[in-house]
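As a plain string of letters, each chain reads:
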Amino acid sequence: MTEKFLGLIDPTRVHVHALEFLLVLLAVLLLCGAWRVRRSGELKNFGKEETLPLRALLAMLVVAGHLDKGTKYMFPALGAIHWPTPAVAIFFFMSGFGLRKVYESQVASGRLGAYLRHFPRRTLARLLPPFLVLGPALAVWRCAVGQISMSTLLEKTLTLSILDIPHDWYVIALVILYAIFAISALCFKGNKVAVSIWVLTTVMWCVTCFICANASPRKDFWHVSLFLFPIGFTFAQYERQIRAAFLSHPFRVALSVVAAATCCYSLRKISGVPYIKMIREPFLCMIGPMCALVLYAFDELKRVKLLCFLGLFSYEIYLVHGIGETLFRHAGLHGLPYALSVVAFTIPAAWLLWKFDVFATKIIGGDGRRNGGTATDSAKKGVG
């Protein structure tokens, strides 16, 4: 009976339900937020502390989405939302937002030159330590259980492919995005020309990834999430004006954003127009700004201590859960035991990796802080 039911689940249609649910959810929250802002006359912050619970939720939703896919949609409620794509998109939005805020703070303090000179070292110090642990550990385990030979292990070590881990495309994309930013800022001394060139180059790279991914037989949709990075960067650039408009006219702003999001969602229905039909989920470009506006109105999630705690190592949760999937699939687990085992492994392992990461960052990067002190850690937004 279960297999018959699971056979009726169409992943394509499931993803449509996901966006419809997300559109309605964010629209309702945004309109409720507008009512609250109008009554209170104040806005909350979109800072590091405020986004900790959100990052925890996003990381866990990525895990849930991947687990549900791995169990062949054993949990229809999870599969119907198809969480990983929008969750990673919001992570990219927060990363772009955080990068812009750090950039502004360095310009204001007159330390932009020193910041840019140390940018590569500090960025790599925040992103790469997990790979130095997880990649070799996974490769050695695969060799020990006979999945790869010793010669293959040696080859992977020499070519640095030993650092490969499941779902690591997100971090590779972040490194490239930060590299484009650093090169642009250094070449043009951090002025407005550099920012414009960075945004243009980033968008062009996102479009290239988008076209290449659509041309792939696999039809991956990870590329759609990339666009949220420059959108987050631009949102932060005009955050003061956005906050002023939302505070003065909350319902106008909320209704305008909901209308724009609905129009973006409707674009996916267009067929026969070159490339428009290839933009599978244009609505995703709206969810980052919508989440920011919602958090301007609500900060109740900060009271959930567990989410705040998990948000501290959401980046590690994202990386570790793929290792757990590999281990427990090899162990022959399926269904609910498989899902529970992955979660039970991921949380403590991610916490330990986070402790190591903080230590390594302090040594390599010169301090123990993570980049991006306003909206999110610029280098670690969490996931996805």
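Here's a quick rundown of the structure.

**A look at the overall build of the chain**
Part 1 of the argument: Helix and strand content of the chain: 18 helices and zero strands.
Part 2 of the argument: Out of the 384 residues belonging to the chain, those deemed buried represent 49%.
Part 3 of the argument: The long-range share in the chain, meaning contacts at least 24 apart out of those at least 6 apart in sequence, stands at 80%.
Part 4 of the argument: Of the accessible surface of the chain, which amounts to about 18000 Å², a share of 68% is contributed by carbon and sulfur atoms.

**Observations concerning the pattern of salt bridges**
Part 1 of the argument: According to the stated counting rule, one finds six salt bridges in the structure shown.
Part 2 of the argument: Across the salt bridge formed by Lys44 and Glu42, the nearest N and O atoms sit 3.5 Å from each other.
Part 3 of the argument: Ionic contacts of the salt-bridge type, sharing partners, join the residues Arg100, Lys101, Glu104 and Glu239 into one network.

**Describing helix α5 (residues 84-109)**
Part 1 of the argument: If you check α5, its first and last C-alpha atoms are 38 Å apart, about what 26 residues at 1.5 Å a residue would give, namely 38 Å.
Part 2 of the argument: Within α5, 21 of the 26 residues are buried, which leaves it mostly tucked inside the rest of the structure.

**A look at the nonpolar core**
Part 1 of the argument: Counting residues in each nonpolar core, the largest one holds 89 residues, and the members touching the most others are Leu30, Phe92, Phe246 and Phe283.
Part 2 of the argument: The residues touching Phe92, leaving out its near neighbours within four places in the chain, are Trp169, Tyr170, Ala173, Leu174, Leu177, Ser225, Leu226, Leu228 and Phe229.

**Quick notes on the packing of aromatic side chains**
Part 1 of the argument: For the coordinates displayed, the defined rule picks out 15 aromatic pairs.
Part 2 of the argument: With a centroid separation of 5.1 Å and 85 degrees between ring planes, the pair formed by Phe46 and Phe97 is classed as edge-to-face. Of this pair, Phe46 sits in the loop between α2 (11-40) and α3 (48-70) while Phe97 sits in helix α5, and the two are 51 residues apart along the sequence. A single burial state applies to Phe46 and to Phe97, both of which are buried.

**Details of a nonpolar patch on the surface**
Part 1 of the argument: Taken together, Leu57, Leu301, Val304, Leu306, Phe309, Leu312, Trp351 and Leu352 make up a surface patch of nonpolar side chains, about 660 Å² in accessible area.
Part 2 of the argument: If you list the elements that add at least two residues to the nonpolar patch, you get α16 (305-312) and α18 (335-364).
Part 3 of the argument: Assignment of secondary structure puts Phe309 in helix α16.

Parameters at a glance
- Chains are numbered independently. Their residues run from 1 in the order of the written sequence.
- Predicted model: local features are reported for residues with pLDDT of at least 70 only, side-chain atom pairs are reported and counted for 80 or more only, and whole-chain, interface and lining totals are derived from all residues.
- Only hydrogens and water are set aside when side-chain values are computed; all heavy atoms of the structure are taken into account.
- A run of DSSP states H or I qualifies as a helix once it reaches four residues; a run of E qualifies as a strand once it reaches two. Both are numbered from the N-terminal end.
- Relative accessibility under 20% of the residue-type maximum defines a buried residue, over 50% an exposed one, and the middle range a partly exposed one, all with a 1.4 Å probe and only protein chains included.
- The criterion used for residue contact is that any of the two residues' heavy atoms lie within 4.5 Å.
- Using the Shrake-Rupley algorithm and a 1.4 Å probe, accessible areas are obtained, with residue cover drawn only from the displayed protein chains.
- Take a side-chain nitrogen of Lys or Arg and a carboxyl oxygen of Asp or Glu: if they are within 4 Å of each other, that pair is a salt bridge.
- Helix span, expected: 1.5 Å multiplied by one less than the number of residues in the helix.
- Residue types Ala, Val, Leu, Ile, Met, Phe, Trp, Tyr and Cys, when buried and joined through side-chain atoms within 4.5 Å, form a set referred to as a nonpolar core.
- The aromatic pairing rule takes the rings of Phe, Tyr and Trp, using the six-membered ring of Trp, and pairs them if the centres are within 6.5 Å, calling planes under 30 degrees apart stacked, those over 60 edge-to-face and the rest tilted.
- What goes into a patch is any residue over 30% in relative accessible area without a salt bridge, connected to like charges within 9 Å or, for nonpolar side chains (Val, Leu, Ile, Met, Phe, Trp, Tyr), within 5 Å.

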